[in-house]
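Structural overview
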Amino acid sequence: GALALSDLNQELLPRIEFPQTIIIAQWGGAEDAEDFLEQVTIPMEEAIREVSGVVNVESTTNPGFAFLVVRNEFGVSQDVMLERIEGAVNDVTLPSDMDAPQILDFSLSDLPVVTVSVSSGELSLDELKALVESELVPELTAIEQVSQVTVSGGQALPEAESEVAEVEEEVTE
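Attention in this report is confined to the structure presented alongside it. All of these numbers come straight from a predicted model, not from anything done at the bench. Position labels on residues start from 1 in each chain and follow its written sequence. With pLDDT at 70 or above as the cut-off, local features in this predicted model cover only qualifying residues; side-chain atom pairs require 80 or more to be listed or tallied, and sums for whole chains, interfaces and linings still use all residues. Think of the side-chain values as coming from all heavy atoms in the structure, minus any hydrogens and water.

**What about the overall build of the protein?**
Secondary structure assignment for the protein yields five helices and four strands. Listing every helix and strand of the protein by position from the N terminus yields α-β-α-β-β-α-β-α-α. Considering the protein as a whole, with its 173 residues, one finds that 25% of them fall into the buried category. For the protein, long-range pairs separated by at least 24 residues make up 63% of all intrachain contacts whose partners lie at least 6 apart in sequence. For helices the rule is a DSSP run of H or I covering at least 4 residues; for strands it is a run of E covering at least 2, with both sets numbered from the N terminus onward. Burial classes follow relative accessibility: with a 1.4 Å probe on protein chains only, a residue under 20% of its type's maximum area counts as buried, one over 50% as exposed, and anything between as partly exposed. Note on definitions: a residue-residue contact is assigned when non-hydrogen atoms from the two residues lie within 4.5 Å.

Following this line, the structure appears as structure tokens:
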């Protein structure tokens, strides 16, 4: 299924919304997980449970970090739910030295439509990365229909000869 999903023409699919919202909260000032739970997670859970359409709230809290999954009824617009949940979270009094929690919605439409690989036999890795970031990214982001361009990768691969030498060395010793 995952392999087939990557081969689908996603731009032709209708928007498929999952009836859930993810909230990520980070607070470096928490003394421990219990402190974070009492001052951040529980107040957010209580506020979110009061939101119309919310069916379930699950959370995981660690020292400095909380991850909440809010599930809602099918058929309710995710845009509406996102707005309601944001309002509930904004009404919670959180520690003053804490950043605002990230509230995320997911749809299959959020998956990349195009994934491109760039290579060069003439440019070094650093030169190629600079070229991509200075020329390709601005041109792609200038296209109105492009929502986001993300550059990743660019790691240097180990030389095959040095790997063979290491293996031979281990075998002969």
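Past the structure itself, the notes keep going.
**Focus: a negative patch on the surface**
On the surface, Glu31, Asp32, Glu34 and Glu38 cluster together into a patch of negative charge. With respect to the helices and strands, Glu31 occurs in the loop between β1 (17-26) and α2 (33-49). Judged by relative accessible area, which is 73%, Glu31 ranks as exposed. Surface patches are drawn from residues lacking salt bridges whose relative accessible area is over 30%; two like charges belong together within 9 Å, two nonpolar side chains (Val, Leu, Ile, Met, Phe, Trp, Tyr) within 5 Å. Under the convention used here, a 1.4 Å probe and the Shrake-Rupley method define accessible areas, while residue burial counts only the protein chains that appear. Take a side-chain nitrogen of Lys or Arg and a carboxyl oxygen of Asp or Glu: if they are within 4 Å of each other, that pair is a salt bridge. We count Lys and Arg on the positive side and Asp and Glu on the negative side, and we leave His and both chain ends out. Just so you know, the charge point we use is NZ for Lys, CZ for Arg, CG for Asp and CD for Glu.

**Concerning the pattern of salt bridges**
Under the definition given, this model contains two salt bridges. For Arg49, the salt bridge goes to Glu45, with nearest N and O atoms at 3.6 Å. One end of the pair is Arg49 and the other is Glu45, both in helix α2 and four residues apart, which spans about a single turn.

**Concerning the nonpolar core**
We call a set of buried Ala, Val, Leu, Ile, Met, Phe, Trp, Tyr and Cys residues a nonpolar core when their side-chain atoms join them within 4.5 Å. Counting residues in hydrophobic clusters, the biggest one holds 22 residues, and the most contacted among them are Ile23, Met44 and Ile48. Every element with two or more residues in this core is listed here: β1, α2, β2 (54-62), β3 (65-72) and α3 (78-91). Sorting elements by how many residues they give to this core places α3 first, with five residues. If we skip the residues at most four places from it in the chain, Met44 touches Ile23, Ala25, Leu68, Val89, Val92, Leu94 and Pro101.

**Details of the pairing of β3**
When DSSP finds two or more bridges between a pair of strands, those strands are recorded as paired. Judged from the eight bridges that link them, β2 and β3 form a sheet pairing that is antiparallel. In the strand pairing of β3, Val57 is matched with Val70. In this structure, the hairpin formed by β2 and β3 is closed by a connection of two residues, where Gly64 is found at a positive phi of approximately 85°.

**Quick look at the packing of aromatic side chains**
The aromatic pairing rule takes the rings of Phe, Tyr and Trp, using the six-membered ring of Trp, and pairs them if the centres are within 6.5 Å, calling planes under 30 degrees apart stacked, those over 60 edge-to-face and the rest tilted. All told, the structure shown has one aromatic pair when counted by the stated rule. Between Trp27 and Phe36, the aromatic rings sit 6.0 Å apart at their centres with planes inclined by 50°, giving tilted as the arrangement. We classify Phe36 as buried; its relative accessible area is 0%.

**Looking at α2**
Of all the bends in α2, the greatest, near 35°, is centred on Thr41, and the proline Pro43 appears no more than four residues after it. Nitrogen and oxygen atoms within 3.5 Å of one another constitute a polar contact, given that in protein one can donate a hydrogen and the other can accept it, and given that sequence-neighbouring residues count only through two side-chain atoms. One side-chain oxygen at the N-terminal end of α2 lies 3.2 Å from the backbone nitrogen of Glu34; it belongs to Asp32. Bending is quantified residue by residue as the angle between axes fitted to the seven-residue window ending at that residue and the seven-residue window starting at it.

**Structural notes on α3**
The terminal C-alpha atoms of α3 lie 20 Å apart, and with 14 residues this matches the ideal 20 Å at 1.5 Å per residue to within 8%. For α3, the complete set of buried residues consists of Gln78, Met81, Leu82, Ile85, Ala88 and Val89. Looking straight down α3, one finds its buried side chains confined to an arc of 130°; they lie on one side. Opposite the packed face of α3, turned more than 90 degrees from it, sit the exposed residues Glu83, Asn90 and Asp91. One side-chain oxygen at the N-terminal end of α3 lies 3.3 Å from the backbone nitrogen of Asp79; it belongs to Ser77. What a helix should span is 1.5 Å times the count of its residues minus one. By arc we mean the arc of the directions from the helix axis to the C-beta atoms, nothing more.

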